[in-house]
Number of protein chains: 2
Amino acid sequence: MVGNSSRITERDGLRADARRNRERILVAARAVFAEHGIDAPMATVARRAGVGVATLYRHFPTRDALVRATFAEQTEICGRALTDALADPDPWRGFRRLLETVCELQRQERGFPAAFVAVFPDSAVDHARVRERAERDLMTLVRRAQAAGALRADFQPSDLAVALLSHCGLVNALPHDRAASRRLVAYLLQSFRADAAHGALPEPSTLSLRGFPLPADGSREQRPSGA
Amino acid sequence: MVGNSSRITERDGLRADARRNRERILVAARAVFAEHGIDAPMATVARRAGVGVATLYRHFPTRDALVRATFAEQTEICGRALTDALADPDPWRGFRRLLETVCELQRQERGFPAAFVAVFPDSAVDHARVRERAERDLMTLVRRAQAAGALRADFQPSDLAVALLSHCGLVNALPHDRAASRRLVAYLLQSFRADAAHGALPEPSTLSLRGFPLPADGSREQRPSGA
DNA sequence: GTACAAACGGACGATCTCGTCCGTTTCGCA
DNA sequence: TGCGAAACGGACGAGATCGTCCGTTTGTAC
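We now turn to the structure provided with this report. As the structure is a prediction and not an experimental result, all values here were calculated from the model.

1. Here we look at the overall build of chain A
Step number 1: Per the secondary structure count, chain A includes 10 helices and 0 strands.
Step number 2: Secondary structure elements of chain A occur, N-terminal to C-terminal, as α-α-α-α-α-α-α-α-α-α.
Step number 3: A total of 227 residues make up chain A; the buried ones form 49% of that total.
Step number 4: Across chain A, contacts joining residues at least 24 apart in sequence account for 74% of those joining residues at least 6 apart.
Step number 5: With an accessible surface of roughly 11300 Å², chain A has 49% of that area assigned to carbon and sulfur atoms.

2. Considering the packing of aromatic side chains
Step number 1: One pass over the full model with this rule turns up 18 aromatic pairs over all chains.
Step number 2: Ring geometry for A:F33 versus A:F71: centroids 6.4 Å apart, planes at 25°, classification stacked. Taken together, the positions of A:F33 in helix α1 (residues 16-36) and A:F71 in the loop between α4 (63-70) and α5 (72-87) put the pair 38 residues apart, joining distant regions of the chain. For the residue pair A:F33 and A:F71, the accessibility class agrees, reading buried in each case.
Step number 3: Judged by centre distance (6.5 Å) and plane angle (45°), the ring pair of A:F155 and B:Y187 falls under tilted.

3. Overview of the pattern of salt bridges
Step number 1: Under the defined criterion, the tally for this structure stands at 27 salt bridges over all chains.
Step number 2: For A:D12, the salt bridge identified is with A:R19, shortest N-O distance 3.1 Å.
Step number 3: Note that B:R107 and B:E104 form a salt bridge whose closest N and O atoms lie 2.6 Å from each other. Here B:R107 pairs with B:E104, and both are found in helix α6 (residues 91-108), just 3 residues apart, close to one helical turn.
Step number 4: For B:E104, a relative accessible area of 26% translates into the label partly exposed.
Step number 5: Shared partners join several salt bridges into a network, and the residues in it are A:D88, A:R93 and A:R97.

4. As for the relation of the copies chain B and chain A
Step number 1: In screw terms, the move from chain B to chain A is a rotation of 180° and a rise of 0.0 Å along the axis, fitting with an RMSD of 0.1 Å. Such a turn and shift between the copies fits a two-fold axis. Residue B:G169, judged by its C-alpha, is the member of chain B lying nearest the rotation axis, at 1.7 Å.
Step number 2: Comparing interface residues between copies, 100% of those in chain B also sit at the interface in chain A, which points to an isologous, same-surface contact.

5. Looking at helix α2 (residues 42-49) of chain A
All names here are of chain A.
Step number 1: Every buried residue belonging to α2 is among M42, V45, A46 and A49, and all of these are buried. End-on view of α2: buried residues confined to an arc of 100°, all on one side of the axis. Turned more than 90 degrees away from the buried face of α2 sit R47 and R48, all of them exposed.
Step number 2: Buried-residue contacts for α2 involve α1, α3 (53-59) and α4.
Step number 3: Where α2 ends, the next residue or the one after it, G50, has phi of about 75°, a positive value.

6. Details of the packing of helix α7 (residues 112-119) of chain A against helix α9 (residues 157-173) of chain A
All names here are of chain A.
Step number 1: Relative orientation of the contacting elements α7 and α9 amounts to 140°, with a least axis distance of 9 Å. Taken together, the axes of α7 and α9 lie oblique to each other. α9 is crossed by α7, and the crossing has left-handed handedness. Between α7, through P113, A114, F116 and V117, and α9, the contact on the second element is made entirely by L164, L165, C168, V171 and N172.

7. Description of the interface of chain B and chain A
In many reports, interface size means the accessible area that the parts give up when they come together.
Step number 1: Contact with chain B, which involves 39 residues of that partner, is made by 39 residues of chain A.
Step number 2: With both chains or domains summed, chain B and chain A bury close to 3100 Å², and 67% of this area falls on carbon and sulfur atoms.
Step number 3: Per-residue buried area on chain B facing chain A is highest for B:R183, B:Y187 and B:Q190; these three make up 24% of the total on that side.
Step number 4: Counting every contact that joins chain B to chain A gives 2 salt bridges.
Step number 5: Our count for the contact surface shared by chain B and chain A stands at 16 residue pairs in polar contact (both at pLDDT 80 or more).
Step number 6: Elements represented by at least two residues in the side of chain B that touches chain A include exactly α9 (157-173) and α10 (178-192) of chain B.
Step number 7: A total of 11 residues in the side of chain B that touches chain A trace back to one element, the largest contributor, which is α10(B).

Conventions and cut-offs
- Residues numbered from 1 in each chain as written.
- Chains lettered and ligands numbered in written order.
- Predicted model: local features only at pLDDT ≥ 70, side-chain atom pairs only at ≥ 80, totals over all residues.
- Heavy atoms only, no water.
- Helix = DSSP H or I, 4+ residues; strand = E, 2+ residues; numbered from the N terminus.
- Buried < 20%, exposed > 50% of the residue type's maximum accessible area, 1.4 Å probe, protein only.
- Contact = heavy atoms within 4.5 Å.
- Areas by Shrake-Rupley, 256 points an atom, 1.4 Å probe, with all protein chains shown as cover.
- Phe/Tyr/Trp six-rings, centres within 6.5 Å; stacked < 30°, edge-to-face > 60°.
- Salt bridge = Lys/Arg side-chain N within 4 Å of Asp/Glu carboxyl O.
- Least-squares fit on C-alpha atoms with pLDDT ≥ 70 in both.
- Arc of directions from axis to C-beta.
- Axes fitted to C-alpha atoms, helices over the stretch in contact; angles between N-to-C directions.
- Parallel < 35°, antiparallel > 145°, perpendicular 65-115°, else oblique.
- Left-handed = near helix turned anticlockwise from the far one by under 90°.
- Buried area = accessible area lost by both parts, 1.4 Å probe.
- Polar contact = N/O pair within 3.5 Å; in protein donor to acceptor, adjacent residues only side chain to side chain.

Below, the structure is given as structure tokens:
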């Protein structure tokens, strides 16, 4: 609040070179993670970014922090996809698009699936508030799609997590096989339709949406895009 | 053929202590892989087995060899499941049981899913002959189930690989959540039914059964059980 | 019991990764 | 231009894993 010795005019409080390096690191991390997985040595990322390891660690103290920041964009799209799904007048279409969008992300950005799996069941998620909103939104989406008679009545919100995690696993196992991924998504969607219900399903998982990749500060509050 | 200096009376040409240690190592490996994943340090396995690392490496020169040997039993069950499925008079039931059996294996023996994924798309599979037989058998199974009107006509043999790999991914991500696993299997099976077909599926994957876990020497030729 | 070869096991050097320390450079402001 | 703080980057020690080497033990045959 009171005057700091050296004020920075830039918007994020970082010096110009620091901001530049941060960006370089993120670009490098995306490439390295795509090529070698999210367990790739930190030094590899640093070298690729053209910075020293110390700089890397200064910006991202842990690998986890780097992974999250690297896939923040994907994470944000996930959050918006949920909001968009909820906004769709056709609840089934909204539901379908949500699944397709997230799966498309998973197959597009190699490394993201591993990050998704790594972060998903993790309890160290940033804001409980965001999680709650995501769970609530998803619940609403499911209820609406069921009320419309499109989504089978015994579908549980946790089934979406099941679908996403299994799709992640497939993409991790076969990073190049887009056809396999699309095939799985198509099958899953068909089995979720109300008219595909044949007999009772086994007990649902107790898995919640804890850790569903969402931006740490909400998906819409602060987008650094236009204004 | 002609007299060796020190002949061993035992059946597998190993000395008694060597055979004992080999067994101990396999037991230890199963436990360690279940607990720490198939990337667990070799020394951990050796310690748990009560042998030196050198002994471990003597029996299994590479981690891959150890992993394969450790899950040879599961692998064999996979092979038999395919044979059994083919033998079932009801082709759909055979098909269903095949998927359920393999998935049950995957969720039972922790570590097996990872091994499954690690070995599956790998080209270093033992006998091309076995692979070919598996592919042929699976093709037959699929054709029959389709002819019976139970399995949807656009199902491809590669879709079974898709199902198994995605299920593996799920079990890897949530090793404790059996409900999630069962749920996925139920959904997949329903979506494979002929009466679940709604609209066209995307292009099938070109993935073959290369590496489908099968015993190296065929599943039935030599079972050291009774005679 | 003895001899020989097979099998054992611990120690060891090599390699890799992590994360920090600290001297040097660069930026922002006056 | 000059100053102070922020940021940089390479080097480095700690810790972990790998796979081999070699002296010792143990099993088998005679």
